[in-house]
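Summary of the model geometry
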Amino acid sequence: MSLRSGVATFAGKSSYWFLHTFLHGGSSLPGKITLKLDPQILRSLGAKYDVIVITGTNGKTLTTALTVSVLHEKYPTILTNPTGSNMEQGIVTTFLNAKNPKTGRPLAVLEVDEANVIKVTQYIEPKAFVFTNIFRDQMDRYGEIYTTYQKILDGVALAPNATIIANGDSPIFNSKHLPNPIQYYGFDDQPDRDFKAKPNTDGVLCPNCQHILHYHTLTYSNQGKYFCPHCGFKRPDLTYRLTQLGTQTPTSSQFTIDGHAFKITVGGTYNIYNALAAYAVGRFMGVTPEQIAHAFTANEQVFGRQEVIDVNGKRVTIILVKNPVGLDQVLHMIGTDPQPFSFVGLLNANYADGIDTSWIWDGDFEQLADSNIPTFITGGERYKDITFRLKVAGVPDDKHIVEPSLEKVVDRIQEVPTERVYVLATYTAMLQLRKILASQGFIKEGLGV
Amino acid sequence: MTYELNVAHLYGDLMNTYGDVGNILALNYYAKQMDVHLNVQVVSLEEDFHAADYDLAFFGGGQDFEQTIVAKDIQTKKAELTKFIESGGPLLAICGGYQLLGHYYIGADGEKLPGIGALDHYTLAQDHNRFIGDIVIKNQETGETYHGFENHQGRTFIGKGERPLGNVVSGKGNNGEDGTEGAIYKNVYCSYFHGPILTRNGDIAKHLLIAALKRKFPNDDFSQQEALPIPATF
């Protein structure tokens, strides 16, 4: 380590110690200080590690946590970045916080924001990249899927020897020829048919000839066994195949990968993709399927986001929603609950939520109206938008309570006829709701997301 | 239902950003209240659009790349789309759809791409800037106020035969200069509004549906449909 890097590292570590000890914080400021002193600090910090970079628009956090659990089965020391610290400063801070490894080359499994991949690969050549997926976010915040993927590729171009482990069901990950070794994972559990994705699906143009892609099988959004009847472009052969999808509930999923049965204690097909990605990395790094199965069941806390809150006898699950694909997946997931439930939709449009609420119209709320939900509640700062969305979806007025105030939403939740309640909320609406639940003693803290 | 209307969702599989599909959902919502059943069909790449087959059309916005593909393909539908428009066919075009009905637009990489020129507007680009935010406009003829969310890089200038959908009360509008937003030509309504437009402005959905009904069933009385109240949703 150069003198400059040494000084920078010391300054960063000291600031972390100070922040952590006295202010109970310190996620990115130490990185900021260190970067100021030595912009190339990652070169010396990362040199000791085998780095795995996990990127994509959805599922990064859980895939990273799961991958860490899986790799822990074989590797004792793994460095990883906490949720939300997936930009350059947060990553530098992560390295600064690490205890100096005593022996061997430890692993670092990093969740990296798409645009920040290049800020890592400028200084570190990762051992592997994991591409989860690229879905359109709300575009007032981020770019188009092609721009997003190009940002990732700009970073990958600096690490041509790193193995790419990519979601094979996503056509975009097969759209560019790259020098890197590539392994794909995906779903292979259905018989082949020939159909198109539903009209409102993003990213269905063949990257070769710009005709509309067809599918033999499709999981959700534009992911599946795609092919182009016009030019022959098709899904690549899969290295890791999910061959059977078993029972799904909002809190559990069973499935078979490469002949091995797995169970995870979380619902949602999107989480099965996350598990499949973690499995692929594990296999790539020499972890056995038995060890992976163990890691999936022994680490329930990694699925912590969907905690159940007891609100005077109601079992309330709060789920963050932020973009159309995620929303659709959550709607599908709660629909797998065998028990009756009530539905609450809370919409805000502050910067962290996305200031344009149009995206709720891309969500398939129609599936809710067709199910047997006895009570719907809509609220939040943009309650009018979400209320009309449910009306148009076919939710009848006599089952629909409109309640702008979140305090009153909490009261109303306690009056619904079901024990189970699912609350779908945008980011700031969720924070506000948690604060109210905390002030009424239903949860301990207001901000644990 | 007593009435049926055939709706063309132009390039619905490619031009579908920002919840624009919500316009189809809102049309359906109000159509039901008017005793009208909608048959919605996506008309996309290499598929024919026959003006005579449809009573109403919707053309949404798209991502830059998809729009360049559509800009090429739509030339094959130019004659029939123009026929549909000229014969009073009601059409709602948003954002990229709006741009492609005009003479040309400037793509993301500065390239000038032709539209079909069925309407007399053209669209320029702006450097490193987008008009993003809530917008309110007022239509001087009807007195109606419309609410939306705009998010566009293009700056559109309407032509002689076109009236604006409204004058900007707050926000940027067509080009941030002349105080207009959107365009109306015959029964074609164009706008940069997302939100989506018909979910926040049911009056426009009603205008489109009434125009389609009167055109398809010229001898029927639609006074009941015209009396349908449209409560505010925004």
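What counts, and at which threshold
- Residues numbered from 1 in each chain as written.
- Chains lettered and ligands numbered in written order.
- Predicted model: local features only at pLDDT ≥ 70, side-chain atom pairs only at ≥ 80, totals over all residues.
- Heavy atoms only, no water.
- Helix = DSSP H or I, 4+ residues; strand = E, 2+ residues; numbered from the N terminus.
- Rg over C-alpha atoms; globule rule 2.2 N^0.38 Å.
- Buried < 20%, exposed > 50% of the residue type's maximum accessible area, 1.4 Å probe, protein only.
- Contact = heavy atoms within 4.5 Å.
- Areas by Shrake-Rupley, 256 points an atom, 1.4 Å probe, with all protein chains shown as cover.
- Lys, Arg positive; Asp, Glu negative; His and termini not counted.
- Charge placed at Lys NZ, Arg CZ, Asp CG, Glu CD.
- Expected span 1.5 Å × (residues − 1).
- Pairing = 2+ DSSP bridges.
- Core = buried A, V, L, I, M, F, W, Y, C linked by side-chain atoms within 4.5 Å.
- Domains from an automatic or database assignment.
- Phe/Tyr/Trp six-rings, centres within 6.5 Å; stacked < 30°, edge-to-face > 60°.
- Lys NZ or Arg CZ within 6 Å of the ring centre and 35° of its normal.
- Buried area = accessible area lost by both parts, 1.4 Å probe.
- Salt bridge = Lys/Arg side-chain N within 4 Å of Asp/Glu carboxyl O.
- Axes fitted to C-alpha atoms, helices over the stretch in contact; angles between N-to-C directions.

The next point concerns the overall build of chain A. Along the backbone of chain A there are 14 helices and 17 strands. Here chain A has a C-alpha radius of gyration of 22 Å; the compact-globule value for 449 residues is 22 Å, and the two agree. When its C-alpha atoms are laid out on the principal axes, chain A stretches across 70 × 60 × 40 Å. Taking all 449 residues of chain A together, 56% fall into the buried category. In chain A, 69% of the contacts between residues at least 6 apart in sequence involve partners at least 24 apart. Carbon and sulfur atoms provide 52% of the accessible area of chain A, an area that totals close to 18300 Å². Where the 41 positive side-chain charges of chain A centre and where its 42 negative ones centre are 6 Å apart.

Looking now at helix 1 (residues 22–33) of chain B. All names here are of chain B. Taking 1.5 Å of rise per residue, twelve residues should cover 16 Å, and helix 1 covers 17 Å from first to last C-alpha, within 8% of that figure. Looking at helix 1, one finds that the buried residues are Gly22, Asn23, Ile24, Ala26, Leu27, Tyr30 and Ala31. One or two positions beyond helix 1, positive phi appears at Asp35, with a value near 65°.

Residues and elements named next belong to chain A. Residues Ala128 and Val130 point to one face of strand 4 (residues 128–131) and Phe129 and Phe131 to the other, with burial holding for every one of them. As paired strands, strand 1 (residues 50–55) and strand 4 are joined by four bridges and run parallel to one another. Paired with Val53 across the two strands is Phe129, which belongs to strand 4. Relative to strand 5 (residues 163–167), strand 4 runs parallel, the two being bridged by four bridges. Each residue of the ladder has a partner; that of Ala128, found in strand 5, is Thr163.

A few words on the nonpolar core. One finds A:Phe296, A:Ile334, A:Phe343, A:Phe365, A:Leu424 and B:Phe59 to be the most contacted residues of the largest nonpolar core, which totals 146 residues. Top contributing element to this core by residue count: helix 8 (residues 269–284) of chain A, with ten residues. Taken domain by domain, this core gets at least three of its residues from each of domain 2 (40–298) and domain 3 (307–440) of chain A. Grouped together as the second largest cluster of nonpolar side chains are 37 residues, A:Ile91, A:Val117, A:Tyr149 and A:Val156 included.

Now for the packing of aromatic side chains. Applying the stated criterion across every chain yields a total of 31 aromatic pairs over all chains. Residues A:Phe195 and A:Tyr215 carry aromatic rings whose centres are separated by 6.4 Å and whose planes lie at 35° to one another, so their mutual orientation is tilted. One end of the pair, A:Phe195, is in the loop between strand 6 (182–187) and strand 7 (214–220); the other, A:Tyr215, is in strand 7, with 20 residues separating them in the sequence. Both residues of the pair, A:Phe195 and A:Tyr215, count as buried. Here B:Phe49 and B:Phe84 contribute two aromatic rings whose centre-to-centre distance is 5.8 Å and whose plane-to-plane angle is 85°, an arrangement assigned as edge-to-face. Here B:Phe49, found in the loop between strand 2 (36–43) and strand 3 (56–59), pairs with B:Phe84, found in helix 3 (residues 78–86); they are 35 residues apart in sequence, far enough to count as distant. Side by side, B:Phe49 and B:Phe84 carry an identical accessibility label, which is buried. Across from the ring centre of A:Phe195, 4.4 Å away, lies the NZ or CZ of A:Arg193, which sits over that ring. Taking NZ or CZ as reference, B:Lys112 lies 4.1 Å from the ring centre of B:Tyr104, over its face.

This part covers the environment of B:Leu100. Residues and elements named next belong to chain B. In this structure, Leu100 sits in helix 4 (residues 96–101). In this structure, the C-alpha to C-alpha distance between Leu100 and Gly133, residues 33 residues apart in sequence, is 23 Å. Other than its neighbours up to four places away in sequence, Leu100 contacts Met15, Phe59, Gln67, Val70, Ala71, Ile74, Tyr105, Pro114, Gly115 and Ile116.

By a widely used convention, the size of an interface equals the accessible area lost when the partners come together. All names here are of chain A. Split into domains, chain A comes out as domain 1 (1–38), domain 2 (40–298) and domain 3 (307–440). Relative to domain 2, the C-alpha centre of domain 1 lies at a distance of 30 Å. With 16 residues of domain 1 in contact, the opposing surface of domain 2 contributes 13 residues. Between domain 1 and domain 2 lies a buried interface of about 1200 Å² when both sides are counted; carbon and sulfur atoms form 62% of it. Seen at the junction of domain 1 and domain 2, the total is zero salt bridges.

This part covers the sheet that holds strand 11 (residues 260–264) of chain A. In any sheet, the strands associate via hydrogen bonds between backbone groups, in a parallel or an antiparallel arrangement. Residues and elements named next belong to chain A. On the basis of which strands lie adjacent, the open sheet formed by nine strands has the order 2-3-1-4-5-6-9-10-11 and mixed pairing. Looking at strand neighbours, the two that pair on one side only are strand 2 (78–80) and strand 11, the edges of this open sheet. Going from strand to strand, the sheet's axes swing by 20° on average, the running direction of each strand aside. Of the strands in this sheet, strand 1, strand 4 and strand 5 touch helix 7 (residues 145–156), which is tilted by about 175° from strand 4. The strands that helix 9 (residues 289–298) touches are strand 10 (252–257) and strand 11; relative to strand 11, the one it contacts most, it runs at about 15°.

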